[in-house]
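One-letter residues, chain by chain:
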Amino acid sequence: MSEWWTYGPRDLLLFSSRTYYRLFELYNLEWWPLQLAALAFGVAMLGLWRHGGDRAGRAIAVILAVGWLWVGWAFHAQRYASINLAAAYFAWAFAVQALLLLWLGGVRGQLAPTQAARLHRRAGLGLLLFSVLAFPLMTPLLGRGWTQAEVFGMAPDPTALATLGILLVTGRTPAWVLFPIPVAWCLVSGSTLWAMDAPDFALVPLAALLAVGLAVVGRLTGSFRQVWGRRPK
Amino acid sequence: MAHFPNGTRRRLLGALAATPLLGPAIGLAQSRPATRAIPSSGEALPLVGLGSWITFNVGNDRVARDASTEVMRAFFQAGGRLIDSSPMYGSAQDVIGYGLRKLGRPTNLFAADKVWIADGDEGRAQIETSRRLWGIPRFDLMQVHNLLSWQAHLPTLFAMKAAGQLRYVGITTSHGRRHDDMEQVMASQPIDFVQFTYNLIDREAEQRLLPLARERGIAVIVNRPFQQGALLDRLGRRPLPSWAAEIDCTSWAQFALKFVISHPAVTCAIPATTRVDHVRENLGAAAGRLPDQALRSRMAAFVARL
């Protein structure tokens, strides 16, 4: 596409907001009551985080990986691709994220909940609660029916935000390679909603950027403390 | 290749086609949309067609597909012919094919689609895929979408036209982009159609493209006549001026469409819609009186002041 820099999200939007939200409705109807199981896994993830330890971290990684894989296949490839030419690429990106989660979290144990800073624990827990419990509840508040609810493990936005929440509570050395795809998705999703004039367009991108900001600050603060700790007494 | 020369015949046909619109805005509202001739052939085409960007990209949603079919049914019932789509429009081609099958493949369809692929060698395969999605024996018009690889695609399209696999060849752009390139193609290639953006706000085409189209005998399809709804959102906050009744306008949509299709170089405008009442309203814009040059100027000035 020539003069690509002159195209904005609104020029590239291929579908109406009505079609977009109907996509979630038809998807939810097709897989009901799988949403209940997905919610149960989301709540279980909260419990595992509270429990802590290496095995809990590996279990969280597997839950997240299954969620990413499912969203990539069932949502992006099977549904979203019917109205968005880019959805096939999204599906592949979600599959890559699932493999990264399995390798780094499931095999190498890098997602074990540790003693993160209080701010990070609160932000991480907030993101988890928001993505697992509050995200579906937002649907009627935004004037849409329950059947269009976006559920963790089945819809991309809450799955990406929950992943970022977990990454915030895995200590001062997060697995950075697990950040780019969720953050990129949150920005893509936000720009899509913006192009559709959705009132909640900024919510997911801001939450993602907040998570990245906190992770970076946490890392810098940790390094700072280490340097100060080594100073001669 | 069997191309019509860009000479006397084209100019004569173009002049004949435009003649009724150069006179004063008189006459009673007609029940069928007015037509204008395609300069290269003289074939009459209703002044309002049907676009499919966004509106027909409804995926596998059966309810929405049926609603799109009803829009198409109302379009044909109101005298419409030209439906335009592209491989870039997601599921729109498939949805059009679904509708055409349900409607029993209307014989008055004028099927306009585009080739949109960087590799010129892949053009024929993409056109064949599009044809199957529409479920038609051949396209009436095939256009190079957004001028993408037009140097590679145009020879293919001309060859297909010569072989009877297409009836007309065209190029497209939108949003006012690449007008210089479009002008170059219009001046150098024996194309039948051009498609670009033109509306009450976006009027750059009046400077060079529309006059060149008349001069070269090239039919003009106008996309984004409502600025994808933004123009109507803006106009809709105010009441329709009383003098709009002079040209049988009953809505802002008809006001905007009548401005576009009353330009003598325009062959067809292609507004897109998801609503049956809107498609009837759009076709209605071509059924009543059209503004003359003085009234066109008044319309543009009125909108510019808003």
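Placed above this text is the structure.
Predicted model only: the values in this text are computed from it and were never measured.

Caption draft 1: Main features of the overall build of chain B. When you go through chain B residue by residue, the secondary structure sums to 11 helices and 9 strands. The buried share of chain B, taken over its 306 residues, is 54%. Taking contacts inside chain B between residues at least 6 apart in sequence as the whole, the part at least 24 apart equals 79%.

Caption draft 2: Quick look at unusual backbone geometry. A cis amide bond links A:Trp32 with the next residue in sequence, A:Pro33, at an omega value of 10°. One can find A:Pro33 in the loop between helix H2 (17-31) and helix H3 (34-51). Of note, B:Gln228 is a non-glycine position whose phi angle comes to about 55°, a positive value. Within the secondary structure layout, B:Gln228 lies in the loop between strand E8 (219-223) and helix H8 (230-235).

Caption draft 3: Broad picture of the interface of chain B and chain A. Contact with chain B, which involves 15 residues of that partner, is made by 16 residues of chain A. Split into classes, the residues belonging to the side of chain B that touches chain A amount to 5 nonpolar, 7 polar and 3 charged.

Caption draft 4: Structural view of helix H10 (residues 276-285) of chain B. Taken together, the buried positions of H10(B) are occupied by B:Val279, B:Asn282, B:Leu283, B:Gly284 and B:Ala285. For H10(B), the secondary structure elements touched by its buried residues are helix H2 (62-77) and helix H9 (252-261) of chain B.

Caption draft 5: Structural context of helix H5 (residues 87-107) of chain A. Residue and element names in this part refer to chain A. Between its terminal C-alpha atoms H5 stretches 29 Å, which fits the 30 Å expected from 21 residues at 1.5 Å a residue. Of the positions making up H5, those classed as buried are Phe-90, Ala-91, Phe-94, Gln-97, Ala-98, Leu-101, Gly-105 and Gly-106. Of the surrounding elements, those touching the buried residues of H5 are helix H4 (54-77) and helix H8 (180-195). Gly-109, located one to two residues past H5, shows a positive phi value of around 65°.

Caption draft 6: Expanded view of the environment of B:Ile117. By the element assignment, B:Ile117 lies in the loop between strand E4 (110-115) and helix H4 (123-134). Along the sequence, B:Ile117 and B:Pro87 sit 30 residues apart, while their C-alpha atoms lie 8.9 Å from each other.

Caption draft 7: Structural context of the sheet that holds strand E5 (residues 139-144) of chain B. Residues and elements named next belong to chain B. Pairing is parallel across the open sheet formed by 7 strands, whose spatial order is E3-E4-E5-E6-E7-E8-E9. Only two strands of the sheet have a single neighbouring strand rather than two, namely strand E3 (82-84) and strand E9 (268-269). In this structure, E8 lies alongside E9, joined through 2 bridges in parallel fashion. By the bridge assignment for E9, Val-222 is matched with Ala-269. Here H4 sits on the sheet and contacts E4 and E5; the angle it forms with E4, its principal contact strand, is near 145°. Lying on the sheet, helix H5 (residues 150-162) is in contact with E4, E5 and strand E6 (166-172); it crosses E6 at an angle near 165°.

Reading the values: rules and limits
Residues numbered from 1 in each chain as written. Chains lettered and ligands numbered in written order. Predicted model: local features only at pLDDT ≥ 70, side-chain atom pairs only at ≥ 80, totals over all residues. Helix = DSSP H or I, 4+ residues; strand = E, 2+ residues; numbered from the N terminus. Buried ≥ 20, exposed ≤ 12 C-beta atoms within 10 Å, placed from the backbone. Contact = placed C-beta atoms within 7 Å. Nonpolar A, V, L, I, M, F, W, Y, C, P; charged D, E, K, R; others polar. Expected span 1.5 Å × (residues − 1). Pairing = 2+ DSSP bridges. Axes fitted to C-alpha atoms, helices over the stretch in contact; angles between N-to-C directions.

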